[in-house]
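Listed below, chain by chain, are the residues.
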Amino acid sequence: MELYTKLSAVGFLKKSYAYKFLFITFIGIHIPLIGLLFFALYGGNTISANSMLIFALIMTLLATVITLFLLKKLIFPIEMASKAVTSYRDSRIIPVLPLDFTDEAGLLLSNIQASIIENENFMSEKQDLVYLLSHDLRTFAGNSQALAKLILEENPLEPIKEYSELIYESTHQQFYFIESFIRLIREDEALSKKIHEARVISISDIFSQVKEQVSQQRLKKNIQLKFSIEVAELFHKIDSDLLVRVLVNLLDNAIKFSFANAEIKINVYVKKSKFIFEISDTGLGFDPNHGKELFEKFTLRSRLGTANEPSTGIGLYLCKKIIEKYKGELIAESAGLNRGSKFSILFDTVK
C-alpha cells in the first residue's frame, strides 16, 4: 500500500489508477535505455559489441524484475478489496478500508466499504422488524389462546368446547411456528459469523453428546441405535458444536419418522478421500424426486412424525447450510415412501 500511497501524492497520478501503471511501466521500459547510454558514455573507447549486448540483456532482465515487482505492489488495493469481500462473505467481518483515495482503485475501496456497511444496516433493520412482528404475532396468538382457555375452564357445551379446543391447539401451533422462525434467524446470524481453523474432532465425544440429546425421543419409541464407527477422529474446520447440532437434527428426524421398536444405523467411515457420516432408518421415507425439496426453507414437504410429532420445515435447511458453509455435502436418499431414508454428510479429508 506504501507505493500506491506515494504515487497518489503525485499530482498528475492522483486521480488515475491507469496512469500509475503506465508511469511504472514507462520507467521500467527506459531503465535499459538509460543504462546503455551511461555505459556508452563512461565505458571508454574499448567497448565491444558483445559487452554491449550482454549489458543490454542484463539491464533488460533487471528492469523487467523491478517493473513486475513494483506492479505487484501497485495492485495491493485490488487485493485488499478482494480479501475484504471474501472475509465479509465467509465470516461477516466488517473491513476498515482506506477511503481517502480518488482514483478508480480508491473508489472501489470506498464503494465496497459503503456497500458492506449498508448491507449490515439493512440486515440489522430487517431482523429488528422480524423480531417486532414476531413479538406482536405472539401477543395476538396469546390473546386468542387465553380466551380459549377461559372458555374451556367454564365447562361449556360440547360444540363450544370442541371449537375452543381447536382454537387453543391452533394458537399453540402458531407459537411453535413463531419460535421456530425466530430460532432460524438467530441461528442463521450465528452461523454466518462462526468460522474456525482446522483441528482434530473426536468422533466418540461428538456422538456422546448426540446420544445424550436424543435419548428422550429415542426412549419414547424404544428406538435402537446401531453404531459402526471406523474412524476415531475428524480433522476439519467445522465447529464441533455445529456438527453436534446437525447430527442431532438428522438423528431426531430419523427417530421422528421411524416406527416404534425400530433400529437406526449410524455409520462413520472414509471412502475415496471423503469422510462420511451416514444415518439410515427404515421409517416413512420419501419420494426420491422430492429429495432436494426437503432442504428448502420452510419446505412444503415437512410432515408429522409416526407419533404425530410436529415439524417446522427449517431443520434440514439449517443443517445443509451449516455443512455447505464448511465445504461439505448433505445428501438425502430414499427408495420411496415407507421404505426408509438415508442422510449422508460428506467432507473432504484433510491431509
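Report follows, based on the coordinates. (Residues numbered from 1 in each chain as written. Predicted model: local features only at pLDDT ≥ 70, side-chain atom pairs only at ≥ 80, totals over all residues. Heavy atoms only, no water.)

## Points about the sheet that holds strand E4 (residues 263-271)
Whenever strands of a sheet pair, they do so through backbone hydrogen bonds, lying parallel or antiparallel. Threshold: When DSSP finds two or more bridges between two strands, those strands count as paired. Helix numbers and strand numbers start at the N terminus; a helix is a DSSP run of H or I with at least 4 residues, a strand a run of E with at least 2. Structural elements are reduced to axes, namely lines fitted to C-alpha atoms, with helices fitted over the stretch in contact, and the angle between N-to-C directions of any two is expressed from 0 to 180 degrees. Residue contacts follow a heavy-atom distance rule, with two residues in contact if any of their heavy atoms lie within 4.5 Å.
The mixed open sheet is built from five strands, whose spatial order is E2-E4-E5-E7-E6. Edge strands, defined here as strands with exactly one partner in the open sheet, are strand E2 (224-229) and strand E6 (329-333). The sheet shows a mean angle of 15 degrees between the axes of neighbouring strands, direction not considered. Bridge count between E6 and strand E7 (residues 341-348): five bridges; the pairing is antiparallel. Paired with Leu330 across the bridge in E7 is Ile345. Taken strand by strand, helix H8 (residues 240-256) contacts E2, E4, strand E5 (274-281), E6 and E7, and its axis lies near 25 degrees from that of E5.

## A look at the nonpolar core
What tends to happen in soluble globular proteins is that the nonpolar side chains get buried as a cluster. Rules: Among buried residues, those of type Ala, Val, Leu, Ile, Met, Phe, Trp, Tyr and Cys that are joined through side-chain atoms within 4.5 Å constitute a nonpolar core. Think of it in three bands: residues with accessible area under 20% of the maximum for their type are buried, residues over 50% are exposed, and the middle band is partly exposed, with areas taken using a 1.4 Å probe on protein chains only.
Counting 41 residues, the largest nonpolar core has Leu247, Leu251, Ile264, Phe277, Ile345 and Phe347 as the members making the most contacts within it. Elements with a contribution of two residues or more to this core: helix H7 (203-221), H8, E4, E5, helix H9 (315-325), E6 and E7. Counting residues per element, this core draws most heavily on H8, which supplies ten residues. Among all residues touching Ile345, those that are not within four sequence positions of it are Val246, Leu247, Leu250, Phe275, Ile276, Phe277, Ile323, Glu329 and Leu330. Counting residues in each nonpolar core, the second largest holds nine residues, with Leu7, Leu74, Phe101 and Ala105 among its members.

## Let's talk about the packing of helix H2 (residues 17-42) against helix H3 (residues 49-74)
Our working definition: Relative orientations are named as follows: roughly parallel for angles under 35 degrees, roughly antiparallel for angles over 145 degrees, roughly perpendicular for angles from 65 to 115 degrees, and oblique for any other angle. Each helix crossing is assigned a hand: it is left-handed if the near helix lies turned anticlockwise from the far helix by less than a right angle, otherwise right-handed if that turn is clockwise.
Where H2 meets H3, the closest approach of the two axes is 9 Å, and the angle between their N-to-C directions is 160 degrees. Of the possible angle classes, the one that applies to H2 and H3 is roughly antiparallel. Remark: the crossing between H2 and H3 carries right-handed chirality. Packed against H2, whose contacting residues are Tyr17, Lys20, Phe21, Ile24, Thr25, Gly28, Ile31, Pro32, Gly35, Leu36, Phe39 and Ala40, the element H3 presents Ser51, Met52, Phe55, Ala56, Met59, Thr60, Ala63, Thr67, Leu70, Leu71 and Leu74 at the interface.

## A closer look at the packing of aromatic side chains
As a reminder, the rule being used: For Phe, Tyr and Trp, rings pair up if their centres lie within 6.5 Å, where Trp contributes its six-membered ring, and each pair is then called stacked (planes under 30 degrees apart), edge-to-face (over 60) or tilted (otherwise).
Under the counting rule described, the total for this entry stands at nine aromatic pairs. Between the aromatic rings of Phe275 and Phe277, the centroid separation amounts to 5.3 Å while the plane-to-plane angle is 50 degrees, which identifies the pairing as tilted. Accessibility assignment for this pair places Phe275 and Phe277 in one class, buried. Ring centres 6.4 Å apart and planes at 50 degrees place the aromatic pair Phe286 and Phe343 in the tilted group. With a gap of 57 residues between them, Phe286 in the loop between E5 and H9 and Phe343 in strand E7 connect regions that are remote in the sequence. The same class applies to Phe286 as to Phe343, namely buried.

## A look at H7
This is how it is decided: Expected span of a helix: the number of residues minus one, times 1.5 Å. Bend angle per residue: angle between axes fitted to the 7 residues ending at that residue and the 7 residues starting there.
Between its first and last C-alpha atoms H7 spans 26 Å; for 19 residues at 1.5 Å apiece the expected length is 27 Å, and the two agree. Along its length, H7 reaches its greatest deviation from straightness, about 55 degrees, at Ser215. Those residues of H7 that fall on the buried side of the exposure criterion are Ile203, Ile206, Phe207, Val210, Val214 and Lys221. Against strand E1 (199-202), E2, strand E3 (233-236), H8, E4 and E5 lie the buried residues of H7.

## Digging into H2
Selection rule: We define a polar contact as two N or O atoms separated by no more than 3.5 Å, with the added condition that, inside protein, one atom must be a possible hydrogen donor and the other a possible acceptor, whereas residues neighbouring each other in sequence contribute only through side-chain atom pairs.
In a regular helix each residue adds 1.5 Å, so 26 residues correspond to 38 Å; H2 covers 38 Å between its end C-alpha atoms and thus fits that length. Bending of H2 peaks at approximately 35 degrees at the position of His30, with proline Pro32 no more than four residues after it. Of the residues making up H2, those classed as buried are Tyr17, Lys20, Ile24, Gly28, Pro32 and Gly35. Between the side-chain oxygen of the N-cap and the backbone nitrogen of Ala18 there are 3.5 Å, and the N-cap of H2 in question is Ser16.

## Section: unusual backbone geometry
For Asn222, which is not glycine, the phi torsion reads 55 degrees and is therefore positive. With respect to the helices and strands, Asn222 occurs in the loop between H7 and E2. Residue Asn222 is classed as partly exposed on the basis of its relative accessible area, which comes to 38%. Backbone geometry places Ser273, a non-glycine residue, at a positive phi of 65 degrees. If you trace the backbone, Ser273 turns up in the loop between E4 and E5.

## Regarding the environment of Tyr163
Mapped onto the elements of the fold, Tyr163 is located in helix H6 (residues 158-193). We classify Tyr163 as exposed; its relative accessible area is 54%. A sequence separation of eleven residues divides Tyr163 from Leu152, and the C-alpha atoms of the two residues are 9.7 Å apart.

## Describing the packing of H7 against H8
Convention followed: We call Asp, Glu, Lys and Arg charged. Ala, Val, Leu, Ile, Met, Phe, Trp, Tyr, Cys and Pro are nonpolar, and the rest, Gly among them, are polar.
Where H7 meets H8, the closest approach of the two axes is 9 Å, and the angle between their N-to-C directions is 20 degrees. It follows from the interaxial angle that H7 and H8 lie roughly parallel. For the element pair H7 and H8, the recorded crossing hand is right-handed. For the pair formed by H7 and H8, the contact residues are Ile206, Phe207, Gln209, Val210, Gln213, Val214, Gln217, Arg218 and Lys221 on the first element and Ser240, Asp241, Leu243, Val244, Leu247, Val248, Leu251, Asp252, Ile255 and Lys256 on the second. Split by residue class, the contact of H7 with H8 holds ten nonpolar, four polar and five charged.

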